[in-house]
Amino acid sequence: MIPSSFDYIAAKNLDEAISFLAKHKDDAKILAGGHSLLPAMKLRLMQPKVLIDLGRIRDLSYIKEEGGQIRIGAMTTHFQLEISDVLRRSCPLLPETASHLGDMQVRNKGTIGGSLAHSDPAADWPAAILALDAEIVATSAKGDRVIKSTDFFIEMLTTSLQPGEILREIRIPAGEGKIAQAYVKVRHPASGFAVVGVAVNLSIDGGKCQSAGIGITGVSPKAYRAAKVESALKGNSLDAKTLSTASAHATDGIDVNSDLYASAEYLKQLATVYTRRALETAVGRVK
Ligand SMILES: Cc1cc2nc3c(=O)[nH]c(=O)nc-3n(C[C@H](O)[C@H](O)[C@H](O)COP(=O)(O)OP(=O)(O)OC[C@H]3O[C@@H](n4cnc5c(N)ncnc54)[C@H](O)[C@@H]3O)c2cc1C
């Protein structure tokens, strides 16, 4: 399929991208890695009149530790996250999540900012970002706005980014104490996207769970934090019985999808089983 015609602008820096976006408003779309936007344009699901490419803005691509946080530029590719030594040392959940994402071509071009802004209900990053209690920095002509990850995903393909805003940075709080993390996923055999993906981020002290972040993707119209699983873990010893009991709450209060590929009952069961596996994997790594 061929997309409808559009103008292309390669922004030289973030200020230029912001002013182009302010000028062209709803006619414009930001282009990052293009691995979600271009397929949507070819199918004519999206028909922007102007593409504003962030690809030449090198200072939107970084991973650094600063002010007690890990800061990740929006244009950092999945592959850069997968191989980062900083992340392997201080937040291994992110490289592990990246390694599950698409194939090498997708990981080389696709960006974390593009994936979060696209908010595909079966994307991998939203689960990890929620589990890590990250913040998302949006920037516009009015300046920066910091959005909690739990407020960022509104529904399928919709985020709380406002017209004129560009996702600039993702901020991950530094973990405290002993950290147990894991990402497990059931890959859709055709697309590679998550049928179910579960990200776990626990802090453990004296053998007990001090805090828990559980992000689940693929199951519902948007990724979510499994609050009931988290509360069943907090303050408890992380033995097999606790992990199994907590996992049974994986879809509590969630509007579970149902389609030709997977019924709601099947997805509920997968979410429960894979939440337990993710918890067992994470806890097993710190024993
Ligand atoms: C074959 C294939 C397999 C894939 N498999 C997976 C998978 O297994 N798991 C998975 O999670 N994803 C998968 N993806 C999607 C891939 O991760 C995309 O790279 C990602 O979803 C979008 O990132 P991008 O940088 O390519 O963004 P683009 O496609 O350039 O943009 C996506 C959307 O976000 C907007 N946008 C981009 N950057 C910004 C920004 N900084 N601020 C505001 N808006 C912005 C764009 O305007 C557009 O609407 C797959 C894609 C393909 C083609």
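Look up: the structure comes first, before these words.
Residues numbered from 1 in each chain as written. Predicted model: local features only at pLDDT ≥ 70, side-chain atom pairs only at ≥ 80, totals over all residues. Heavy atoms only, no water.

Side chains of strand β3 (residues 50–53) alternate between two faces, with Val-50 and Ile-52 and Leu-51 and Asp-53 buried alike. Pairing analysis gives 4 bridges linking strand β1 (residues 7–10) to β3, with the strands arranged parallel. Within the sheet, the bridge partner assigned to Ile-9 lies in β3 and is Ile-52. Looking at chain direction, strand β2 (residues 28–31) and β3 are connected through 4 bridges and run parallel. Residue pairing for β3: Ala-28 is matched across the bridge by Val-50. On the question of chirality, the crossover connecting β2 to the parallel β3 by way of helix α2 (residues 37–42) is right-handed. (Buried < 20%, exposed > 50% of the residue type's maximum accessible area, 1.4 Å probe, protein only. Helix = DSSP H or I, 4+ residues; strand = E, 2+ residues; numbered from the N terminus. Pairing = 2+ DSSP bridges. Right-handed = clockwise from strand over helix to strand, strands pointing away.)

Next up on the list: the environment of Gly-110. Mapped onto the elements of the fold, Gly-110 is located in the loop between α6 (104–109) and α7 (112–118). For Gly-110 and Thr-76, which are 34 residues apart along the polypeptide, the C-alpha to C-alpha distance reads 8.4 Å. Excluding residues within four positions of it along the chain, Gly-110 makes contact with Gly-33, Thr-76, Thr-77 and His-78. (Contact = heavy atoms within 4.5 Å.)

In the neighbourhood of the ligand, 30 residues make up the surrounding shell, with Ile-30, Gly-34, Leu-37, Thr-111 and Asp-124 lying closest. Contact between the ligand and Leu-37: an oxygen atom at 2.7 Å from a main-chain N or O atom of the residue. Considering the ligand on its own, with 970 Å² of exposed area, one finds that the protein chains cover 90% of that surface. Elements that contribute at least two residues to the shell around the ligand include exactly β2, α7 and β10 (166–173). For the shell around the ligand, the leading source of residues is α7, giving 4 residues. Class assignment of the residues belonging to the shell around the ligand gives a composition of 14 nonpolar, 13 polar and 3 charged. (Near = heavy atom within 4 Å. Polar contact = N/O pair within 3.5 Å; in protein donor to acceptor, adjacent residues only side chain to side chain. Areas by Shrake-Rupley, 256 points an atom, 1.4 Å probe, with all protein chains shown as cover. Nonpolar A, V, L, I, M, F, W, Y, C, P; charged D, E, K, R; others polar.)

Next up on the list: the nonpolar core. One finds Val-198, Leu-202, Ile-214 and Leu-233 to be the most contacted residues of the largest nonpolar core, which totals 34 residues. Breaking this core down by element, the ones donating at least two residues are β11 (178–187), β12 (194–205), β13 (208–217), α10 (227–233), α11 (240–247) and α12 (264–286). At 9 residues, α12 tops the list of elements feeding residues into this core. Counting 32 residues, the second-largest nonpolar core is a separate cluster that includes Ala-74, Ala-127, Ile-170 and Tyr-183. (Core = buried A, V, L, I, M, F, W, Y, C linked by side-chain atoms within 4.5 Å.)

Before going further, it helps to examine the pairing of β12. In terms of burial, β12 is a largely internal element, 11 of the 12 residues being buried. The sheet contact formed by β11 and β12 spans 10 bridges and is antiparallel. By the bridge assignment, Lys-178 is partnered in β12 with Ile-204. Connecting the antiparallel pair β11 and β12 is a turn made up of 6 residues, with Gly-192 showing a positive phi of about 85°. Here 9 bridges tie β12 to β13, and the two strands are oriented antiparallel to one another. Bridging across to β13, Gly-197 finds its partner in Thr-217. Count of turn residues in the β12/β13 antiparallel hairpin: 2 residues, of which Gly-206 carries a positive phi of about 55°.

Once that is clear, we can look at the sheet that holds β2. Within the open sheet, the 3 strands sit side by side as β1-β3-β2. Their pairing is parallel. Bordering the open sheet on either side are β1 and β2, each of which pairs with just one other strand. Adjacent strand axes in the sheet meet at a mean angle of 25° when their direction is disregarded. Where helix α1 (residues 14–24) meets the sheet, its contacts fall on β1, β2 and β3, and the angle it forms with β3 comes to roughly 165°. (Axes fitted to C-alpha atoms, helices over the stretch in contact; angles between N-to-C directions.)

Attention now moves to the sheet that holds β13. Strands sit in the order β11-β12-β13-β14 across an open sheet of 4 strands; the sheet is antiparallel. Looking along the sheet, the strands with just one partner apiece sit at the ends: β11 and β14 (224–225). Where β13 and β14 come together, 2 bridges link them in antiparallel fashion. Opposite Ile-216, over in β14, you have Tyr-224 as the bridge partner. Strand contacts of α12: β11, β12 and β13, with the helix running at about 145° to β11, the strand carrying the most contacts.

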